[in-house]
Amino acid sequence: MLAYDNTSRPDLTQWSFTETEFNPLAQGKCESIMSLGNGYMGLRSATEEAYIGQTRNLFVNGTFNRFDEFEVTELPNAADVTGMDIYIDGERFSLDTGKTAEYARSLNMRDAELTRSFVWENRAGKRVRFAFRRFVSLGNLHLIGMKAEVTPLDADISLRAVSGIDAQLGNSGSQHFHEGEKRIFDKTVMQLIQTTTESKVDFVIHAAHRFSLDGQPLSIEPKMEIERRKMAMQYGCDIKAGQTFELQKLASVHTSRDAEHATDYDLAVMREQAREEIRLALDAGYDALFERHRQAWAEVWDKYLFRIESKHDFDLLALRFAVYHLVVMTPAHDNRMGIGAKGLSGEGYKGHSFWDTEIFILPFYIYSGPDVARRLLEYRYQGLEGARRKAKENGYEGAMYPWEAAWPTDGEVTPVWGAVDIVTGKQTKIWSGFIEQHITSDIAYAVWHYVQATGDRDFMDRCGYEMILDTAKFWASRLEWNEALARYEINEVIGPDEYKEHVDNNAFTNYMAHFNMELAIQYYELLRREQPELFRRLNEQLDLERAYADWKQKLGRMYLPQPNEDGVIPQDDTYLQKQLIDLTKYKAQQKVGTLFEDYNLDQVNGIQVSKQADIMMLFYLLENRFSAHLKHTNYNYYEPKTLHDSSLSYSTHCILANDFDDSQLAYELFRKAAEIDLGTHMHSSDAGIHSASLGGVWQCVVMGFAGIRMLDGALHLNPKLPQEWERLTFPLYWKSARLEVDITHDALRISTDANEELTLIIRGTATSFVNQLELHF
C-alpha cells in the first residue's frame, strides 16, 4: 500500500510518499518508482535483503552492449552493490519470517533519499529496530551512499552482516560482462573490473564499509570472500539492548564511456583515480557526502520551482514526482546519451530512446532547462550516422531515424520479436523498427520547436539545419506516386496508434512529413539568402539544390487526409471502414492491454480501436493548422475508441480537453496520467517508470492548464485552471529570458529577469511589458 502524506515529517508534505506494508508479490512497483539516480547512473530500489521476485538493477547511461548477434543492444545490468545479508543470533533476517511492525519505506524527493524503517521480531521474541538510508549522489555522479542502523530494543543480540559486490546478475538471463578482475585492498576496499562482451566498455566498481556503535567509530576485522563474479566482506558485532550499530557502505562506478575518458583513456589511470575517490569518500562518511548531494538537489528544486495550491495535496506531489524522475533519468552531463523509455529504473525497453524524448520530455527542458534540451538534441545530431545508414539499407535517401536508439551510431535497435499471439501461440513480430517512421519528422519538429523557443542560432548552424534538411530528403524519397489519384502517398506504415499496422496514409505521418519538407524548403531559402557560406557547405554535403527541386515538385502534390462529410479526418485509409465493437469493458479496464486477452493483433487491426492518441497528437503539435470545431469533432469521434493503453496518451487528451473547456475531464485525465506510476496499482511499473508519461504530466500542467504554446514563433498563454486549483506558479524560459509565471482563476502575473521588452500572446491578444506584467480576467 502507498500513502501520499508523511505524518512523521511535516516538512516533507507533498515531497514524499510511503510504502506502508511490504508485499513480496508486488516488489517491482516501489523498486521502480522509488528508484534513485543522477542521469549518469540509475539504481533500482530493491531492498538490501534478498527476496524471490525482486529485481536488482544498476544502469550506467550510454554503456550499451549486445549479448550476441541474435539480440539487440541494451544497457547492461552492472554489478549489485546494495545487497546485504544480515543475521541476528544466527538467524537470517527476512521480512518473510518473524513479525514486523511500524514498516515504512519512503522516497524523499526533495533530498533524493530512500529510507526504510521497521521493528522486526525474530522467532525468539527479540525485537530489533532497523533503519536504512540510501542515495545516488548528484554532487558526485559516480557515488552511491548507503547506511544501515540496527538497534536491539529489549535484549542483547549478536549481529553478522555480509556485504559486497555481486556481478552474478544479468539482464533477464543475458550476461553482458566478462568475468573480470576482483581484488580487496587492505581488508577494506573491494574493487571489481569488468568489460562488456561486445562493446568493450570497461567498468570499475568499488565498495567499502565503515562502522560505529552509539556514534563511536568501530573497527571490525572482516572475513573476506571472493567467488565467481562476486566478492564480499563478513562482519560480526555483539550489540547490547538499546545500543545502535551503524554500518555505512559507500560505492562508486566508473566506466570507459565516461566523458573524461573519451580521449586518452587508460584503464590503469581510471582504476587508481576511482580507488582514491572511494578512499576519500570513506573518510568523509555518509552524512557529509549526503549533505553535498542534498545541496545539489536544492539547486535543482530552486531551478524548477513549482507551486500548486489545490484541494488535493497529491497534485503537487505528482508534479514533483514527474520532475524528480525527469532529472534522475536525464544524462544532462553528456550529449552522447539519450533518455530511455523507462529511464534508468528498469530493464523495460532495454534503455532505448523513442519519440518519447522529443515529443513528451523535451518540452519540459525547452521551457525549464534549455541547456539540457540542447544536449538531448545534440544526441540526435550524433545519431545522423545511424539514421543515414538505416535510410540507405532501406533504399531511401537522407536520414531515417531509428524507432529505437541506443548509442548514437548504433542505428536501429528495435527487437524483432515480442509478446505471444494468443491465437497462434507464436511470438508477435515487432514491426515498429521497420515501418513506424514518423519519429524522423518528430525529431525535425523538436529541433524547430527548440529553436523557435530559445532562439539558439548556434545550434541551428552546427546541427539543426543539417538534421532538418537531411530528414526532409528521406521523406521526399519515401513518397510513393499514386498514378490513379495523381498524388504522392506514404504507404505501409505504423502511426502513433500502434494497434494499426501496415496502413496507408496515416494522417499523423503524412502531415508531419509534409511539415518536415515544408520546413526544409523554408530553411533552404533562408540559408541561401542569409548564410551563403553555410549553405555552400551543406549543399556540397547534402546535394541540396537537387533536394530542393524534389521537395518543391512533390510537396504540393502530397496527400494530406481531409475531413469526410461528418468532419472526421480518417486516421488512415481504412480506419473508418473497420469493424465497430463495444469497447466498454476495455475502456473500464484496471490494467492496460486487456484487449489482447480476447483478440490477437491481426484481429485488432480490423477493429476501430486505438492504443493511444494519433490524430489528437497531430492536433496538438500542429494545432494552428486545424479549426477548433474540427479538432473537437474528431476528439468526440476518436476518444471513445481510444483505450489509452499507452502511457503517452492521457496527457495529450488532457491538454485538448482543456482547450475544449472541459475542465473536469481535463483534470480527471491529468490525475490518470499522474497515477500511471504514482497510483495504487501495484504492478503498473514493474518494468520501470514511464518516462514519457512523466513528461506528459508536466505538459498537462504547463501546456494544458497554463495554456502555454509556441505558435508561429510566438509564446501564447491561455490559462484555464481546474476548479480544484487556486493557484499555479512555475518558471519558464523564453528566448533566453527566465519568466516566473503566477496564475489564479482571475489573474495572471509574470515577472522576468530580462530588461528588454517582451511580447506574449495572452488569450489571443499581443501584450508587451518590461520586467513585470499583471492582468486581471
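Residues numbered from 1 in each chain as written. Predicted model: local features only at pLDDT ≥ 70, side-chain atom pairs only at ≥ 80, totals over all residues. Heavy atoms only, no water.

Peer 1: For this particular structure, what's the right way to read the overall build of the protein chain?
Peer 2: Summing up its helical and strand segments, the protein chain has 19 helices and 32 strands in all. By the compact-globule yardstick of 28 Å for 777 residues, the protein chain fits well, its C-alpha radius of gyration being 27 Å. Counting all 777 residues of the protein chain, 62% fall into the buried class. Considering only contacts in the protein chain between residues 6 or more positions apart, those separated by 24 or more positions represent 67%. Of the roughly 29000 Å² of accessible surface on the protein chain, a fraction of 48% belongs to carbon and sulfur atoms. Within the protein chain, one finds 82 positive and 115 negative side-chain charges whose respective centroids are separated by 2 Å. (Helix = DSSP H or I, 4+ residues; strand = E, 2+ residues; numbered from the N terminus. Rg over C-alpha atoms; globule rule 2.2 N^0.38 Å. Buried < 20%, exposed > 50% of the residue type's maximum accessible area, 1.4 Å probe, protein only. Contact = heavy atoms within 4.5 Å. Areas by Shrake-Rupley, 256 points an atom, 1.4 Å probe, with all protein chains shown as cover. Lys, Arg positive; Asp, Glu negative; His and termini not counted. Charge placed at Lys NZ, Arg CZ, Asp CG, Glu CD.)

Peer 1: Can you walk me through the pattern of salt bridges in this structure?
Peer 2: When the charged atoms of two side chains with opposite charge come close together, those side chains can pair. Enumeration according to the criterion identifies 62 salt bridges in this entry. With a closest N to O distance of 4.0 Å, Asp-371 and Arg-375 form a salt bridge. With Asp-371 and Arg-375 both in helix H5 (residues 370-382) and four residues apart, this pair spans about one turn of that helix. Between Lys-587 and Glu-639 there is a salt bridge whose closest N-O contact spans 3.2 Å. Note that Lys-587 is positioned in helix H13 (residues 584-587) and Glu-639 in the loop between helix H16 (628-638) and helix H17 (649-659), a separation of 52 residues in sequence. For Lys-587, a relative accessible area of 33% gives the class partly exposed. Each member of the salt-bridge network shares a partner with another, and the members are Glu-113, Arg-133, Lys-147, Glu-246 and Asp-287. (Salt bridge = Lys/Arg side-chain N within 4 Å of Asp/Glu carboxyl O.)

Peer 1: I keep staring at the environment of Ala-706 and nothing clicks. Help me out?
Peer 2: Among the structural elements, Ala-706 can be located in the loop between helix H19 (691-705) and strand S25 (709-711). When the C-alpha atoms of Ala-706 and Pro-719 are compared, they prove to be 4.1 Å apart, with 13 residues separating the residues in sequence. Non-local contacts of Ala-706, meaning those with residues more than four positions away in its chain, are made with Val-701, Leu-717, Asn-718, Pro-719, Leu-728, Phe-730 and Ile-743.

Peer 1: Explain the sheet that holds strand S28 (residues 737-744) to me, please; I cannot follow it from the model alone.
Peer 2: In sheet architecture, strand pairing relies on hydrogen bonds along the backbone and comes in two forms, parallel and antiparallel. A sheet is described by the order of its strands in space; here five strands give the open sequence S20-S27-S28-S29-S32, paired in antiparallel fashion. Only two strands of the sheet have a single neighbouring strand rather than two, namely strand S20 (307-310) and strand S32 (772-776). Averaged over all pairs of adjacent strands, the angle between strand axes in this sheet comes to 10°, irrespective of strand direction. Two elements, strand S29 (residues 747-752) and S32, share five bridges in a ladder whose sense is antiparallel. The partner of Ala-747 across the bridge, within S32, is His-776. Along the sheet face, helix H3 (residues 313-329) touches S20 and strand S27 (725-734) and points at about 160° away from the line of S20. (Pairing = 2+ DSSP bridges. Axes fitted to C-alpha atoms, helices over the stretch in contact; angles between N-to-C directions.)

Peer 1: How do you make sense of a nonpolar patch on the surface when you look at a structure like this?
Peer 2: A cluster of nonpolar side chains, contributed by Val-416, Trp-417 and Phe-434, occupies part of the molecular surface with about 280 Å² of accessible area. Structurally, the position occupied by Phe-434 is in helix H7 (residues 432-435). (Patch = residues over 30% accessible without salt bridge, like charges linked within 9 Å, V, L, I, M, F, W, Y side chains within 5 Å.)

Peer 1: What should I look at first to understand the sheet that holds strand S26 (residues 714-717) in this one?
Peer 2: Judged by pairing direction, the sheet is mixed, and its four strands sit side by side in the order S25-S26-S30-S31 without closing on themselves. Two strands close off the open sheet at either side, each with one partner strand: S25 and strand S31 (765-769). Direction aside, the axes of adjacent strands within the sheet are offset by 40° on average.

Peer 1: What should I look at first to understand the packing of aromatic side chains in this one?
Peer 2: A ring pair, where both rings are aromatic, is described by two values, the distance of the centres and the angle of the planes. On inspection of all chains with the given rule, the structure shows 50 aromatic pairs. Measuring from ring centre to ring centre gives 5.0 Å for Phe-705 and Trp-725, while their planes differ by 75°; the resulting arrangement is edge-to-face. Here Trp-725 lies in strand S27 and Phe-705 lies in helix H19, a separation of 20 residues in the sequence. Its relative accessible area of 0% is what places Phe-705 among the buried residues. (Phe/Tyr/Trp six-rings, centres within 6.5 Å; stacked < 30°, edge-to-face > 60°.)

Peer 1: What exactly am I supposed to notice about the environment of Leu-107 here?
Peer 2: Following the sequence through the fold, Leu-107 ends up in strand S8 (residues 99-108). Sequence separation between Leu-107 and Ala-208 is 101 residues, and the spatial gap between their C-alpha atoms is 24 Å. In this view, Leu-107 contacts Trp-15, Ser-16, Phe-17, Ile-33, Met-34, Leu-36, Glu-113 and Tyr-324; residues no more than four positions away in its chain are not counted.

Peer 1: How do you make sense of the pairing of strand S10 (residues 127-136) when you look at a structure like this?
Peer 2: Every regular strand shows the same layout, with side chains that alternate between the two sheet faces. Summarising the sheet, strand S9 (residues 113-121) and S10 pair through eight bridges and their orientation is antiparallel. Each bridged residue has a counterpart across the sheet, and for Glu-121 the counterpart in S10 is Arg-127. With nine bridges connecting them, S10 and strand S11 (residues 143-152) associate as antiparallel partners. Its bridge partner being in S11, Arg-133 is matched across the sheet by Lys-147. Hairpin remark: S10 followed by S11, antiparallel, with six residues in the connecting loop.

Peer 1: Would you take a moment to explain the nonpolar core for this structure?
Peer 2: Side chains of nonpolar character tend, in soluble globular proteins, to be buried together. Phe-130, Trp-355, Tyr-367, Trp-551 and Phe-730 are the most contacted members of the largest nonpolar core, which totals 220 residues. For Phe-130, the residues in contact, after removing those within four places along its chain, are Ile-86, Ile-88, Phe-93, Arg-116, Ser-117, Phe-118, Trp-120, Glu-149 and Val-150. Core analysis: the next-biggest nonpolar cluster, separate from the first, contains twelve residues, Phe-135, Val-189, Ala-281 and Tyr-286 among them. (Core = buried A, V, L, I, M, F, W, Y, C linked by side-chain atoms within 4.5 Å.)

Peer 1: Sorry if this is basic, but what is going on with the packing of H17 against H19 here?
Peer 2: Interhelical geometry of H17 versus H19 gives an angle of 10° and a closest axis separation of 9 Å. If you check the angle between H17 and H19, you find them roughly parallel. Facing Ser-651, Cys-654, Ile-655 and Asn-658 of H17, the residues of H19 in contact are Gly-696, Gln-699, Cys-700, Met-703, Gly-704 and Phe-705. Within the contact of H17 with H19, the residues separate by chemical class into five nonpolar, five polar and no charged. (Parallel < 35°, antiparallel > 145°, perpendicular 65-115°, else oblique. Nonpolar A, V, L, I, M, F, W, Y, C, P; charged D, E, K, R; others polar.)

Peer 1: Just to check I follow, could you spell out the pairing of strand S18 (residues 230-239) for this structure?
Peer 2: Most of S18 is tucked away: seven of the ten residues are buried. Sheet topology places strand S12 (residues 157-166) next to S18; ten bridges connect them, and they run antiparallel. From the neighbouring strand, Ile-165 faces S18, where its bridge partner is Met-231. Taken together, the five bridges between strand S17 (residues 223-227) and S18 define a ladder with antiparallel strand orientation. Looking across to S18, one finds that Lys-223 is bridged to Gln-234. The turn joining S17 and S18, which pair antiparallel and follow one another in sequence, is formed by two residues; a positive phi near 60° is taken by Arg-229.

Peer 1: What is the right way to read the UniProt feature "domain: Glycoside hydrolase family 65 C-terminal" (unreviewed entry) in the protein chain from this model?
Peer 2: Mapped onto this structure's residue numbering, the UniProt feature "domain: Glycoside hydrolase family 65 C-terminal" (unreviewed entry) falls at residues 709-765. Split by type, residues 709-765 is 0% helix and 65% strand. Its first and last C-alpha atoms lie 14 Å apart. (UniProt positions renumbered as here; feature names shortened; annotations may be inferred.)

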